[in-house]
Number of protein chains: 4
Amino acid sequence: MSPRKANIERLATFSDGVFAVIITIMVLDLRPPEHPTFASLLPLWPTALSYLVSYLFIAIVWTNHHHLLRFADESTPRLIWINFAHLFTVSLVPFATAWVASTRIAAVPVFLYAAVFVLVELAYLQFEHHALTQAEVEEISPRTRRLAWIRSLVALGLFLTAMFVSFEFPRCSFALVCCAVLLYLVPEPPVPPGESTDSVSLKTV
Amino acid sequence: MSPRKANIERLATFSDGVFAVIITIMVLDLRPPEHPTFASLLPLWPTALSYLVSYLFIAIVWTNHHHLLRFADESTPRLIWINFAHLFTVSLVPFATAWVASTRIAAVPVFLYAAVFVLVELAYLQFEHHALTQAEVEEISPRTRRLAWIRSLVALGLFLTAMFVSFEFPRCSFALVCCAVLLYLVPEPPVPPGESTDSVSLKTV
Amino acid sequence: MSPRKANIERLATFSDGVFAVIITIMVLDLRPPEHPTFASLLPLWPTALSYLVSYLFIAIVWTNHHHLLRFADESTPRLIWINFAHLFTVSLVPFATAWVASTRIAAVPVFLYAAVFVLVELAYLQFEHHALTQAEVEEISPRTRRLAWIRSLVALGLFLTAMFVSFEFPRCSFALVCCAVLLYLVPEPPVPPGESTDSVSLKTV
Amino acid sequence: MSPRKANIERLATFSDGVFAVIITIMVLDLRPPEHPTFASLLPLWPTALSYLVSYLFIAIVWTNHHHLLRFADESTPRLIWINFAHLFTVSLVPFATAWVASTRIAAVPVFLYAAVFVLVELAYLQFEHHALTQAEVEEISPRTRRLAWIRSLVALGLFLTAMFVSFEFPRCSFALVCCAVLLYLVPEPPVPPGESTDSVSLKTV
């Protein structure tokens with residue numbers, strides 16, 4: 001193991017620590033109710049739901065972070081700072097989710113929610129660009145790179161649209177954000193049949 | 001160290017971070033009492049006891065997670081998501097335990113407690129299946145696989161029974177859950193004498 | 001890297017996560033005062049002092065944990081469970097320290113404090129025994145093993161004495177606990193001159 | 001992988017865990033407001049701003065910690081304890097930052113803030129000295145060592161000045177602290193043109 005290799009691993013270890021704290025922050029708010037009845041569980045649903053949604057979305061972000069970091073093998077100062085920016089924006093997701101849930105999808109919280117995801121996406125775009133630049137040409141086909149790029153721009157567009165729509169139609173705006181996040185459910189954009197070799201080469205890297 | 005190997009290690013590092021936060025969440029609720037007397041410690045016993053039980057149970061889950069992950073050597077998207085589902089269900093254990101303790105084993109909290117363990121077990125079943133599928137045939141004997149499978153089904157059955165029994169006999173239901181968790185105290189199901197070779201091959205993997 | 005080696009590393013990673021949470025728990029209680037004056041900082045001193053003491057003592061425990069784990073190279077089920085017991089007892093240190101500080105070293109809190117350290121020491125004794133058993137004979141000289149053993153017994157004796165003395169002389173009892181912990185400031189017991197070879201062999205392992 | 005190598009890695013893993021907790025502590029204070037209006041977000045700005053500043057400064061500290069630890073390859077007892085001292089001082093940054101923000105840069109909080117950074121810098125100086133001593137001569141040129149040393153002394157001077165100026169000009173004092181921290185934005189002091197070979201050799205270590 002060369003020291004250079006250890007570097008990127010320490011970046012991953014630190015990021016995993018931050019992700020582990022962020023993803024579990026909201027469970028701290030799940031406090032057992034006083035009375036042992038189902039009725040007393042009811043007031044907890046916004047907290048429970050926002051924990052579930054925020055957990056799911058941060059899990060999606062981690063999956064993509066994990067996928068991309070496989071292609072980077074040097075923790076350059078630039079990559080370190082882009083990663084810090086990315087983690088910072090992600091750390092705002094639980095707060096924004098909690099506000100949306102506690103206000104039952106009101107306009108201003110949804111606006112903030114979409115704005116947080118615009119920031120997450122902007123940092124992710126830089127992160128993706130930087131990690132893929134370090135990857136060798138034969139690891140990722142031009143088509144895969146193009147698809148990744150298009151998906152990122154589409155997601156950014158959806159988040160921006162959600163921001164502008166939020167004041168009129170907060171629920172539509174919230175649905176838009178969810179759809180855009182779900183675009184990332186599979187880290188690697190699907191490859192049309194006939195190019196499966198490329199996909200395989202990626203998987204075994 | 002191949003990049004593929006590093007993958008499964010990052011999954012383990014992230015899971016360990018989440019486990020470390022979850023297992024220590026309840027100690028945050030142990031607040032020093034105001035007065036320096038034994039009497040003022042008394043109101044803390046439900047918190048202390050539920051910290052102990054939740055710590056023990058999450059330790060058992062970690063031990064099995066640790067044991068199974070040794071057999072997986074590729075962090076496939078499927079394994080990553082099953083792992084996220086598993087960690088999510090485990091993260092609800094401290095909350096459910098605290099409610100059971102603070103209500104002194106009342107019916108509804110025990111019902112929720114058993115339900116959380118049904119979810120934990122369902123996610124664990126998938127995790128176990130997926131990790132053991134990746135293991136090579138000679139690493140785990142068919143008998144060991146069968147025993148693991150039977151234990152999981154027995155535990156699931158006990159958790160489900162506990163759910164249905166909770167409204168009538170909450171204390172029995174709670175005891176059932178504890179028994180089912182203790183089935184996992186040793187990650188690997190015991191192997192009858194005469195098959196010790198198999199057990200040794202597992203231990204040295 | 002063999003899977004067996006990876007095992008002990010995952011035990012270390014998980015333990016480090018738990019230590020990282022435990023050692024920083026008390027800083028969560030350091031809340032900025034309302035008024036921007038030195039006087040308003042004063043009520044924080046018990047919290048600040050107990051954070052410092054608890055940080056120092058947990059740092060000493062980590063140093064010894066780190067030192068001993070170098071000698072173990074297999075994470076046997078026994079070692080895993082002793083480690084869980086050790087981490088559990090350590091996780092009670094911040095709570096006990098906070099109670100001692102907030103009650104200005106009153107009798108009952110000091111009794112609890114000494115009792116927690118008795119538990120920490122009992123778990124540590126097992127941990128030390130198990131880790132050193134795995135170490136090869138040439139790594140640790142019989143004299144070093146004997147010194148480690150004697151130190152552990154002396155510390156246990158001091159903690160027990162502190163427990164029994166606490167009701168009469170809480171401040172003496174507290175001082176006894178501190179002295180016993182400071183015995184571990186250097187993980188390896190000092191080796192008398194003339195045996196320096198042994199010490200070197202340990203350092204380079 | 002030799003056990004000695006594993007040692008420094010465990011020090012890094014533990015430090016990363018502590019950094020991950022410290023850097024995200026302040027986001028716990030970001031609580032969603034009750035009403036879904038922009039006006040209700042306003043009272044959160046001191047918390048949000050101090051989270052941002054404290055995140056940025058701790059990120060800078062991590063970057064330098066990460067950079068220096070590459071040169072150390074043995075976790076000596078001395079390095080372990082200097083690292084603990086360093087982490088302890090860093091763990092006070094969120095508290096001090098929050099006080100400065102909530103009092104809108106009042107004199108006493110800024111004094112404490114500068115004092116915390118004096119402690120951080122003193123521990124960092126030891127850490128830097130110890131890590132660079134372990135580095136081989138050809139890894140770091142004498143010029144780079146000298147520049148690192150000068151920067152540390154300049155930063156220490158600025159932090160001390162900020163302490164003494166804080167009672168008269170709290171805002172200037174706060175600006176001084178920020179400037180001194182930003183000196184570390186790039187872990188390695190810039191190398192004048194003509195010595196680029198040295199810089200390259202460092203980057204590829």
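Residue positions are given per chain, counted from 1 along the sequence in the order it is written. Think of it this way: whatever chain is written first is A, whatever ligand is written first is 1, and the rest follow in order. A pLDDT threshold of at least 70 governs which residues receive local features in this predicted model, and a stricter bar of 80 or more applies before side-chain atom pairs are shown or counted, although totals over entire chains, interfaces and linings include all residues. Values shown for side chains rest on all heavy atoms present in the structure; no hydrogens or waters enter the calculation.

With that settled, the discussion passes to the interface of chain D and chain C. The contact rule is simple, with two residues in contact once any of their heavy atoms fall within 4.5 Å. Facing 34 residues of chain D, the contacting portion of chain C comprises 41 residues. Contact between chain D and chain C buries roughly 3100 Å² in total, counting both sides, with carbon and sulfur atoms accounting for 75%. When a carboxyl oxygen of Asp or Glu is within 4 Å of a side-chain nitrogen of Lys or Arg, the pair counts as a salt bridge. Applying the counting criterion to the chain D and chain C interface returns 2 salt bridges. The partner of Asp29(D) in a salt bridge is Arg31(C), with the nearest N and O atoms 3.1 Å apart. The definition of a polar contact used here is a pair of N or O atoms within 3.5 Å, where within protein one atom must be able to donate a hydrogen and the other to accept one, and adjacent residues in sequence count solely through side-chain atom pairs. Counting every contact that joins chain D to chain C gives 8 residue pairs in polar contact (both at pLDDT 80 or more). Of all elements in the fold, only helix H1 (3-24), helix H4 (77-91), helix H5 (93-102) and helix H6 (107-134) of chain D reach the threshold of two or more residues within the side of chain D that touches chain C. At 11 residues, H1(D) tops the list of elements feeding residues into the side of chain D that touches chain C. Among the residues forming the side of chain D that touches chain C, the class breakdown is 24 nonpolar, 6 polar and 4 charged. Accessible area, probed at 1.4 Å, shrinks when two parts are joined; the buried area is that loss added up over both. Segments assigned H or I by DSSP are reported as helices when at least four residues long, segments assigned E as strands when at least two residues long, and all are numbered from the N terminus. Here the nonpolar group is Ala, Val, Leu, Ile, Met, Phe, Trp, Tyr, Cys and Pro; Asp, Glu, Lys and Arg are the charged ones; every other residue, Gly included, is treated as polar.

With that settled, consider the relation of the copies chain B and chain A. What relates the pair of chain copies is a rotation about an axis plus a shift along that axis. Of the transformation superimposing chain B on chain A, the axial component is 0.0 Å and the angular component is 90 degrees, with the fit at an RMSD of 0.0 Å. In the structure described here, the two chain copies are related by an operation that fits a four-fold rotation axis. Within chain B, Gly17(B) has its C-alpha nearest the rotation axis, a separation of 4.0 Å. Little of the interface of chain B is mirrored in chain A, where only 12% of its interface residues are also at the interface. C-alpha atoms of residues with pLDDT of at least 70 in both copies form the basis for the least-squares superposition of the copies.

Let us look at the interface of chain B and chain A. Each partner contributes to the interface: chain B provides 34 residues, whereas chain A provides 41 residues. Between chain B and chain A, roughly 3100 Å² of surface is buried when both sides are summed, and carbon and sulfur atoms account for 75% of that area. If you sort the residues of chain B by the area they bury against chain A, Arg10(B), Trp81(B) and Phe95(B) come out on top, with a joint share of 24%. At the boundary of chain B with chain A, the tally comes to 2 salt bridges. Joining chain B to chain A, the criterion identifies 8 residue pairs in polar contact (both at pLDDT 80 or more). Elements that contribute at least two residues to the side of chain B that touches chain A include exactly helix H1 (3-24), helix H4 (77-91), helix H5 (93-102) and helix H6 (107-134) of chain B. In terms of residue count, H1(B) provides more of the side of chain B that touches chain A than any other element does, 11 residues in total. Of the residues that constitute the side of chain B that touches chain A, the class distribution is 24 nonpolar, 6 polar and 4 charged.

What follows is about the layout of surface pockets. Think of a 1 Å grid over just the protein atoms. A cavity is a set of points where a 1.4 Å probe fits yet cannot get out, a pocket is an open set with protein on both sides within 12 Å along at least five of seven lines, and lining residues have an atom within 4 Å of a point. Grid points are joined across faces, edges and corners, and a volume is the space filled by probe spheres set on the points. Quantified by volume, the second largest pocket comes out at close to 520 Å³. Going through the elements one at a time, helix H1 (3-24) of chain A, H1 of chain B, helix H1 (3-24) of chain C together with H1 of chain D are the ones with two or more residues in the lining of the second largest pocket. Residue classes in the lining of the second largest pocket are distributed as 12 nonpolar, 4 polar and 8 charged.

The two copies are related by a screw motion: chain D maps onto chain C through a turn of 90 degrees and a shift of 0.0 Å along the axis, at an RMSD of 0.0 Å. Counting the interface residues of chain D, we find that no more than 12% of their copies in chain C are interface residues as well, pointing to two distinct contact surfaces.

Residue and element names in this part refer to chain B. For helices, the fitted line uses only the C-alpha atoms of the stretch in contact; every axis is such a line through C-alpha atoms, and the angle between N-to-C directions lies from 0 to 180 degrees. At a minimum axis separation of 8 Å, H5 and H6 run at an interaxial angle of 160 degrees. As summarised for this structure, H5 and H6 are arranged roughly antiparallel, according to the angle between their axes. In the packing of H5 onto H6, the handedness of the crossing is left-handed. Contacts between H5 and H6 pair Val93, Phe95, Ala96, Thr97, Trp99 and Val100 from the former with Val108, Pro109, Val110, Leu112, Tyr113, Val116, Phe117 and Val120 from the latter. Of the residues assigned to the contact of H5 with H6, the class counts are 13 nonpolar, 1 polar and no charged. Angle categories: roughly parallel below 35 degrees, roughly antiparallel above 145, roughly perpendicular from 65 to 115, and oblique for all the rest. Crossings are assigned a handedness: left-handed for a near helix turned anticlockwise from the far helix by less than a right angle, right-handed for a clockwise turn.

UniProt positions are given in the numbering used here, feature names are shortened, and annotations may be inferred rather than shown by experiment. Residues given the UniProt feature "transmembrane region" (unreviewed entry) here are residues 12-28, 48-68, 80-100, 106-127 and 148-167 of chain A. End C-alpha atoms of residues 12-28 of chain A are separated by 25 Å, and the span's content is 76% helix alongside 0% strand.

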